[in-house]
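Residue-level listing of the chains:
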Amino acid sequence: MTTALGGAVEVAEGVVVESRAIARLTATAARSVDGVVSLEPTLLGFVADLGRQLRDVITGRDVADPVDGIQVSAEPAAVRLGVALSVGGRPAREVSVEVSRTVRDNVQHNLGVRVDEVRVTVVDVALIPPEARVPQQQVAAVAP
Amino acid sequence: MALNPPRRRFPSTGRLPCGRSVDALWDSVVSGAELDHHSASCPHCQTALDGLRALHSATRQLVDEEVSAPPSLLERVMRVVRTEARSGETVPLVSGPDPARISTKAVAAVVRFAVDTQPGAVLRARRCEVHAPVDAVDVLDVRVEVLVPEGYRLHEAALRQRIEAVVSAHVGMRLRELTLDVVEADTREGAT
């Protein structure tokens with residue numbers, strides 16, 4: 001069972017996972033999905049991330065990469081995750097379903113944190129004319 | 001019961017307990033002027049001077065330090081602006097335990113793109129509205145204004161087919177209702 005500890009989640013006795021670690025793994029998992037163009041930072045997340053980076057500088061901690069577009073809500077027994085992203089090359093619906101599944105599997109299996117919900121918000125779609133898309137049969141035909 | 005007034009370390013006048021002005025000491029630190037006999041031997045002045053010298057040194061370092069924004073900062077700020085502009089209104093994309101939503105502005109951009117890139121036609125999409133019907137799931141209602149050249153014969157069925165295909169390929173949803181408001185552009189010279 002997991003319990004929330006002020007932005008962190010206790011996954012076992014004496015084992016605490018910080019929400020930042022959950023956010024970073026969520027970002028990595030989401031980016032690995034084919035069709036995800038980028039994760040998109042919200043204003044609130046951007047300001048919070050700047051504050052975090054400033055804290056890192058002041059406290060002498062290594063400045064971590066920004067975790068754009070990821071929202072982690074630690075709850076008593078689990079976490080709820082939010083992912084804001086841009087997609088392209090595949091239908092947004094397909095990409096969203098795969099992002100949810102990939103994020104959920106990665107966070108639960110790699111961190112042992114129970115995920116109650118993964119909310120995906122598609123904020124932008126990269127536009128490619130249907131004529132510009134090469135059918136898979138043609139790709140196979142021209143492949144050596 | 002009468003209470004003594006709270007004691008202040010420094011009087012509100014900016015003077016030290018010995019009567020010297022903190023402003024005068026600060027001026028001497030900044031200018032580098034030689035201290036007079038009192039300030040050179042007074043413990044209050046010496047303590048204040050130590051603090052003021054440290055402050056002066058720190059502020060000089062901050063002034064001299066070149067500050068430059070990380071190169072990626074501007075890009076991130078622009079992405080935040082774009083995200084905020086597009087993430088206002090959303091419609092359901094996936095329902096269930098892991099729900100997904102998509103910005104109506106993103107869908108509208110896809111619809112306008114389908115119109116603007118219709119092969120062999122000179123069409124321009126203008127206002128576009130996207131709604132999720134309350135009585136149906138996994139479908140969208142779309143209304144788009146299409147600007148056609150004067151006298152142009154629009155193949156409406158082909159345009160509808162294209163919009164539906166492009167939305168399906170980019171968004172992955174079907175259109176339940178697609179309303180085309182066709183507006184003929186006035187191409188006469190001087191017309192706006």
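The rules behind each value
- Residues numbered from 1 in each chain as written.
- Chains lettered and ligands numbered in written order.
- Predicted model: local features only at pLDDT ≥ 70, side-chain atom pairs only at ≥ 80, totals over all residues.
- Heavy atoms only, no water.
- UniProt positions renumbered as here; feature names shortened; annotations may be inferred.
- Helix = DSSP H or I, 4+ residues; strand = E, 2+ residues; numbered from the N terminus.
- Buried < 20%, exposed > 50% of the residue type's maximum accessible area, 1.4 Å probe, protein only.
- Contact = heavy atoms within 4.5 Å.
- Areas by Shrake-Rupley, 256 points an atom, 1.4 Å probe, with all protein chains shown as cover.
- Salt bridge = Lys/Arg side-chain N within 4 Å of Asp/Glu carboxyl O.
- Axes fitted to C-alpha atoms, helices over the stretch in contact; angles between N-to-C directions.
- Parallel < 35°, antiparallel > 145°, perpendicular 65-115°, else oblique.
- Left-handed = near helix turned anticlockwise from the far one by under 90°.
- Nonpolar A, V, L, I, M, F, W, Y, C, P; charged D, E, K, R; others polar.
- pLDDT = per-residue confidence, 0-100.

Chain B is annotated in an unreviewed UniProt entry as Asp23/Gls24 family envelope stress response protein from Kutzneria viridogrisea.

As annotated in an unreviewed UniProt entry, chain A is Asp23/Gls24 family envelope stress response protein from Kutzneria albida DSM 43870. According to UniProt, the comment filed for chain A under the heading Sequence similarities (unreviewed entry) is "Belongs to the asp23 family."

*Asks:* Tell me what's going on with the overall build of chain B, and back it up with residues and numbers.
*Replies:* Along the backbone of chain B there are six helices and five strands. The order of helices and strands in chain B, counted from the N terminus, is α-α-α-α-β-β-α-β-β-α-β. Counting the 192 residues in chain B, one finds 32% classified as buried. Summarising the internal contacts of chain B: among those between residues at least 6 apart in sequence, 51% fall at separations of at least 24. Accessible surface for chain B amounts to roughly 12500 Å². Of this, 53% is attributable to carbon and sulfur atoms.

*Asks:* Before we move on, can you summarise the pattern of salt bridges with the specific residues and values?
*Replies:* Under the defined criterion, the tally for this structure stands at 15 salt bridges over all chains. Among the salt bridges present, the one from A:E94 reaches A:R90, with a minimum N-O distance of 3.4 Å. You can call A:R90 buried: its relative accessible area is 17%. B:R53 is paired through a salt bridge with B:D50; the nearest N and O atoms lie 3.7 Å apart. You can see B:R53 and its partner B:D50 sitting in helix 3 (residues 43-64), three residues apart, about one turn around the helix.

*Asks:* Tell me about the packing of helix 1 (residues 19-31) of chain A against helix 3 (residues 92-111) of chain A, and please be specific about residues and values.
*Replies:* Residue and element names in this part refer to chain A. Where helix 1 meets helix 3, the closest approach of the two axes is 9 Å, and the angle between their N-to-C directions is 135°. One way to sum up the angle between helix 1 and helix 3 is to call them oblique. Helix-helix and strand crossings are classified by hand; for helix 1 and helix 3 the assignment is right-handed. In this structure, helix 1 uses A21, I22, L25, T26, A29 and A30 to contact helix 3, whose residues at the interface are V99, T102, V103, N106, V107, N110 and L111. Class assignment for the residues of the contact of helix 1 with helix 3 results in nine nonpolar, four polar and no charged.

*Asks:* Explain the confidence of the model for chain A to me, and be specific about the residues and the numbers.
*Replies:* Residues and elements named next belong to chain A. Confidence along chain A averages 80 in pLDDT terms, with 77% of residues attaining 70 or more. By mean pLDDT, the top-scoring element of chain A is helix 3 (96), and the lowest-scoring one is helix 4 (residues 136-142) (42). Contacts for the low-pLDDT stretch residues 136-144, under 50 throughout, to residues beyond four places or in other chains number one contact.

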